[in-house]
Amino acid sequence: MADYLFGPVMSSRLGRSLGIDLLGDRICSFDCLYCESGPTTQKTMVRREYADSGIILAELEKWLNDNQGDKPDHITLGGEGEPCLNLQLGKIIRDIKKIEPDIPLAVLTNSSLLGDPQVRKELRNAEVVLPSLDTLVQEEFIRLNRPCAGLDIQEIARGLETFCNKFSGRVLLEILLVPGINDSRENMEKITAFLKDLDHERVDLTVMSRPGAHMQLKTPDHETLHRWQRALHTPLTGAETGTGPGTRGRAASVSTIMDSIRRRPQTLEQLCSALGITPEETSAMLDQLIQEQKVRALGHRKEKFYTLKEF
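This text gives an overview of the structure that appears in the document.

## Things to note about the pairing of strand S5 (residues 74-78)
Step number 1: Most of S5 is tucked away, with five of its five residues classed as buried.
Step number 2: Of the two faces of S5, both are covered, the one formed by His74, Thr76 and Gly78 as well as the one formed by Ile75 and Leu77.
Step number 3: Looking at chain direction, strand S2 (residues 15-21) and S5 are connected through five bridges and run parallel. Looking at S5, one finds that glycine 19 is bridged to threonine 76.
Step number 4: Looking at chain direction, S5 and strand S6 (residues 105-109) are connected through three bridges and run parallel. Bridging across to S6, leucine 77 finds its partner in valine 107.
Step number 5: Taken together, S5, helix H2 (residues 89-99) and S6 form a β-α-β motif whose crossover is right-handed.

Structure (structure tokens):
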């Protein structure tokens, strides 16, 4: 079982994405109600070398050697927490580009560290950055994202704006709406005004499609979604859809499935599509993991998501 590398998983925004976890645990500056990785175990703004960069790169090289001719659409730094907390972020990005220069490198971030000039500098070698900004209303920010004490959403927004206006790559901003929390007209008007001066390629409006760390699945009504779509001039982007091409028959194992669902609850179809294995093989391995009490199934809206027993 890999310590830091997982997937590929299917992403509605990045296609087949080979994930790299830069933390090794649920370490983040937020503890969002909706987080699909589970509750944050260490909430911090302190940057450290949380994961061994040597092991990360060795796992990537091994995967690429074992899967020659089967390139994912992106290599994505994300995982269980906030990747920008890793003090080796810049070095890891540079080294990944040396190992595999032809696959675009993407970074997921909650935007909380973009006010740090060093973090902005380290991100400049990525091709795609996917920052999130769910609200510009401080009270909603505290309730939904549950940040480290003292974090101010206006300061985070200023850091995001500074980064976007200097970054030469693609910026895909994500806003996740949770009814009764951040779907207010006040938030919509503030974000709409903020986006006018933001240098970005696209805004992805998303909703929960999996169980969250601190809440069950909740989605806004159609009227609210349409109002936001019109204001932002953007279609609704589902969270990870699980559609798209498979991996051309690459072999998968129980440990591969464990690595994948440890970071993100997934359906049987999503696992099959991302890992390139048949439903029969996947079901057999999931049944084994359920019998061993390592995995459990969660039912939501007629879909069954598989996740680790601890979640």
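## Re empty space enclosed by the protein
Step number 1: Counting across every chain of the model gives two cavities of 30 Å³ or more.
Step number 2: Its boundaries defined by the atoms lining it, the second largest cavity holds a volume of some 40 Å³.
Step number 3: Together, Phe30, Asn110, Ser132, Leu133, Asp134, Thr135, Phe141, Asn145 and Ile153 line the second largest cavity.
Step number 4: The residue makeup of the lining of the second largest cavity, split by class, is four nonpolar, four polar and one charged.

## Some remarks on the environment of tyrosine 34
Step number 1: Take tyrosine 34: it is sitting in the loop between strand S3 (27-28) and strand S4 (42-43).
Step number 2: Tyrosine 34 gets classed as buried once you look at its relative accessible area, which sits at 17%.
Step number 3: Counting along the chain gives 173 residues from tyrosine 34 to valine 207, while the straight-line C-alpha distance between them is 9.5 Å.
Step number 4: Those residues within four positions of tyrosine 34 in sequence are excluded, and the remaining contacts are Asp134, Leu144, Asn145, Leu176, Val178, Met208, Gly212, Ala213 and Met215.

## Remarks on the side chain of asparagine 187
Step number 1: Counting through the fold element by element, asparagine 187 comes out in helix H6 (residues 185-195).
Step number 2: A residue is classified by how much of its surface remains accessible, and asparagine 187, at 0% relative accessible area, is buried.
Step number 3: A distance of 3.1 Å separates the side chain of asparagine 187 from the side chain of threonine 135, its partner in a polar contact.
Step number 4: Non-local contacts of asparagine 187, meaning those with residues more than four positions away in its chain, are made with Asp134, Thr135, Leu136, Val137, Glu140, Asn182 and Trp228.

## Brief notes about the packing of helix H1 (residues 53-66) against H2
Two quantities define a packed helix pair, namely the angle between the axes and the distance from one axis to the other.
Step number 1: For the pair H1 and H2, the least separation of the axes is 11 Å and the interaxial angle reads 25°. It follows from the interaxial angle that H1 and H2 lie roughly parallel. Note on packing geometry: the crossing formed by H1 with H2 is right-handed. On the side of H1, the interface is formed by Ser53, Ile56, Leu57, Leu60, Glu61 and Leu64, while H2 contributes Lys91, Ile92, Asp95, Ile96 and Ile99.
Step number 2: Residues belonging to the contact of H1 with H2 are distributed by class as follows: seven nonpolar, one polar and three charged.

About the cut-offs
- Residues numbered from 1 in each chain as written.
- Predicted model: local features only at pLDDT ≥ 70, side-chain atom pairs only at ≥ 80, totals over all residues.
- Heavy atoms only, no water.
- Buried < 20%, exposed > 50% of the residue type's maximum accessible area, 1.4 Å probe, protein only.
- Helix = DSSP H or I, 4+ residues; strand = E, 2+ residues; numbered from the N terminus.
- Pairing = 2+ DSSP bridges.
- Right-handed = clockwise from strand over helix to strand, strands pointing away.
- 1 Å grid on protein atoms, 1.4 Å probe; cavity = no way out; pocket = protein on both sides within 12 Å on 5 of 7 lines; lining within 4 Å.
- Points joined across faces, edges and corners; volume = space filled by probe spheres on them.
- Nonpolar A, V, L, I, M, F, W, Y, C, P; charged D, E, K, R; others polar.
- Contact = heavy atoms within 4.5 Å.
- Polar contact = N/O pair within 3.5 Å; in protein donor to acceptor, adjacent residues only side chain to side chain.
- Axes fitted to C-alpha atoms, helices over the stretch in contact; angles between N-to-C directions.
- Parallel < 35°, antiparallel > 145°, perpendicular 65-115°, else oblique.
- Left-handed = near helix turned anticlockwise from the far one by under 90°.

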